[in-house]
Amino acid sequence: MRILCVGDVVGEPGVRFLSRRLPGVKKQLAADVCIVNGENADPSGRGITSAIADELFSHGADVVTGGNHCFDRAKDELFEETEFLLCPANFPGLSQKAGWCELDLGRFQLQVLNLSGVAFLEPVDNPFQTVERILAQSKAKFRVLDFHAESTAEKQAMGYWLDGRVSAVFGTHTHVPTADGRVLPKGTGYLTDVGMTGPAESVIGVQPELAIARQRTHRPGRFKVAQGPCRMDMVVFELSDSTGLCTKVERLSEME
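Throughout, a residue's number is its position along its own chain's written sequence, starting from 1. Restriction of local features to residues with pLDDT of at least 70 applies here, the model being predicted, together with a cutoff of 80 or more for giving and counting side-chain atom pairs; totals for whole chains, interfaces and linings are based on all residues. Heavy atoms from the whole structure form the basis of all side-chain values; hydrogens and water molecules are not counted.

A. Representation of the overall build of the protein chain. Secondary structure assignment for the protein chain yields 6 helices and 13 strands. Atoms counted for the radius of gyration: C-alpha only. Globule rule: 2.2 Å times the number of residues to the power 0.38. For 256 residues, the compact-globule estimate of 2.2 N^0.38 gives 18 Å, and the C-alpha radius of gyration of the protein chain, at 17 Å, lies within 12% of that figure. Over its C-alpha atoms, taken along the principal directions, the protein chain stretches across nearly 50 × 40 × 35 Å. In the protein chain, which comprises 256 residues, the share counted as buried stands at 56%. Sequence-distant contacts in the protein chain: of pairs separated by 6 or more residues, those separated by 24 or more amount to 64%. Surface exposure of the protein chain reaches about 10900 Å², of which carbon and sulfur atoms provide 52%. Charge counting follows a simple rule: Lys and Arg are positive, Asp and Glu are negative, and His as well as the terminal groups are ignored. To locate a charge, the coordinates of NZ of Lys, CZ of Arg, CG of Asp or CD of Glu are taken. Across the protein chain, 27 positive and 33 negative side-chain charges occur, with their mean positions spaced 3 Å apart. The numbering of helices and of strands both runs from the N terminus, where a helix is a DSSP run of H or I of at least 4 residues and a strand a run of E of at least 2. Here the term buried applies to any residue with accessible area under 20% of the maximum for its type, exposed to any over 50%, and partly exposed to those in between, with areas from a 1.4 Å probe on protein chains only. The contact rule is simple, with two residues in contact once any of their heavy atoms fall within 4.5 Å. Using the Shrake-Rupley algorithm and a 1.4 Å probe, accessible areas are obtained, with residue cover drawn only from the displayed protein chains.

B. Geometry of the packing of aromatic side chains. Each Phe, Tyr or Trp ring (for Trp, its six-membered ring) is paired with any other whose centre lies within 6.5 Å, and the angle between the two planes then decides the class: stacked below 30 degrees, edge-to-face above 60, tilted in between. What the rule picks out here adds up to 4 aromatic pairs. Seen in terms of ring centroids, Phe-71 and Phe-79 are 5.3 Å apart; in terms of plane orientation they differ by 75 degrees. Their pairing is edge-to-face. A relative accessible area of 24% places Phe-71 in the partly exposed class. Its relative accessible area of 2% is what places Phe-79 among the buried residues.

C. Fine view of helix α5 (residues 152-162). Those residues of α5 lying buried are Glu-154, Lys-155, Met-158, Gly-159 and Leu-162. Axial view of α5: buried residues confined to an arc of 140 degrees, hence all on one face. Polar contact is defined as a pair of N or O atoms within 3.5 Å, subject to the rule that within protein one atom must be able to donate a hydrogen and the other to accept it, and that residues adjacent in sequence are counted only when both atoms are side-chain atoms. Structurally, the start of α5 carries an N-cap: the backbone nitrogen of Ala-153 is 3.2 Å from a side-chain oxygen of Ser-151. Remark: Gly-164 follows α5 within two positions and exhibits a positive phi of approximately 85 degrees. As used here, the arc is the angular range of directions from the helix axis to the C-beta atoms.

D. Molecular detail of the sheet that holds strand β9 (residues 182-183). The strand order across the open sheet built from 6 strands is β5-β6-β7-β8-β10-β9, with neighbouring strands paired in mixed fashion. Sheet topology places β5 (100-104) and β9 at the edges, where each strand pairs with a single neighbour. Paired strands, in this sense, are two strands between which DSSP finds at least two bridges. As paired strands, strand β7 (residues 142-148) and strand β8 (residues 168-172) are joined by 5 bridges and run parallel to one another. Within β8, the position partnered with Asp-146 by the bridge is Phe-170. Axis lines are fitted through C-alpha atoms, for helices just across the contact stretch, and the angle between N-to-C directions can take any value from 0 to 180 degrees. Against the sheet, helix α4 (residues 127-135) touches β5, β6 (109-116) and β7, its axis set at about 160 degrees to β6.

E. Spotlight on a nonpolar patch on the surface. Taken together, the side chains of Val-176, Val-203 and Ile-204 present a nonpolar region at the surface, about 230 Å² in accessible area. Along the chain, Val-176 falls in the loop between β8 and β9. Take Val-176: its relative accessible area is 46%, and that puts it in the partly exposed class. Like-charged residues are merged into a patch within 9 Å and nonpolar side chains (Val, Leu, Ile, Met, Phe, Trp, Tyr) within 5 Å, provided each residue has over 30% relative accessible area and no salt bridge. The working definition used for a salt bridge is a side-chain nitrogen of Lys or Arg within 4 Å of a carboxyl oxygen of Asp or Glu.

F. Fine view of the side chain of Thr-172. One can find Thr-172 in strand β8. Discounting chain neighbours no more than four positions away, the residues touching Thr-172 are Asp-8, Asn-37, Asp-146, Phe-147, His-148, Ala-149, Lys-155, Thr-192 and Asp-193.

G. Representation of the pairing of strand β3 (residues 33-37) within the structure. Here β3 lies mainly inside the structure; 5 of its 5 residues are buried. Burial of β3 is two-sided: the residues Val-33, Ile-35 and Asn-37 facing one way and the residues Cys-34 and Val-36 facing the other way are all buried. Where strand β1 (residues 2-6) and β3 come together, 4 bridges link them in parallel fashion. Pairing of Leu-4 across the sheet is with Cys-34, part of β3. Two elements, β3 and strand β4 (residues 63-65), share 3 bridges in a ladder whose sense is parallel. Each residue of the ladder has a partner; that of Val-36, found in β4, is Val-64. Taking the sense of rotation as the criterion, the β-α-β connection linking β3, helix α2 (residues 50-58) and β4 turns out right-handed. Orienting the strands away from the viewer, one traces the path from the first strand over the helix to the second; a clockwise path indicates a right-handed crossover.

H. Broad picture of the pairing of β7. Most of β7 sits inside the fold, with 7 of its 7 residues counted as buried. What you see with β7 is no split at all: Phe-142, Val-144, Asp-146 and His-148 on one side and Arg-143, Leu-145 and Phe-147 on the other are buried throughout. Relative to β7, β6 is paired through 7 bridges, and the arrangement is parallel. Bridge pairing in β7 places Ser-116 opposite His-148. Viewed along the sheet, the connection from β6 through α4 into β7 turns out right-handed. Taking the sense of rotation as the criterion, the β-α-β connection linking β7, α5 and β8 turns out right-handed.

This is how it looks when you write it as structure tokens:
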């Protein structure tokens, strides 16, 4: 089985670029399932709506995951009621089913999980404890986690914690792809951060001059999504049908 995971979609440019390119890329890579992080897909660059989620689904996403900006544009009910649109399961006040789903692939079941880190982010429930509760609720052979976290150390710790127990762990949130894609010692595919889908000439999707002003002056200012040519950062996990574990990790970028 081949699982394609796509980095955080940023704003209208990211949605537009994914809509044009993902169907062909998914076919070219012979991906059985595509997981897309959509927490920044709103035109503002923060949050997601039902309409945007529908657009991502209609152009190749089988599961849309989220992160710390999930609720900037959507109410809790959107994630509770939309089976394959996920928010981090460790946000308080939600049923954990809002943070994971299960796809029926015929001979196999695939469980997709979404969690938020806590280092340098909101003080949500402990992701390590939450993931144990979720794993106990499914007997799926294939399990993939989108760990939406700021700290690389926290992401790596999660990878090793789950090594041999899930098929793959990939990180989102920083919008900068990392070069450490590999199969961990016990067979779990791992990548600290996939990257993003959005304007290539930007500061993690934001107009550079606005990001520079914030860093230079430390004064608040409204960020705007950059325009121009886009990129789509991805990772493909190749999984063994017999064990459910990972045999190969391939990091890719589609450029405009």
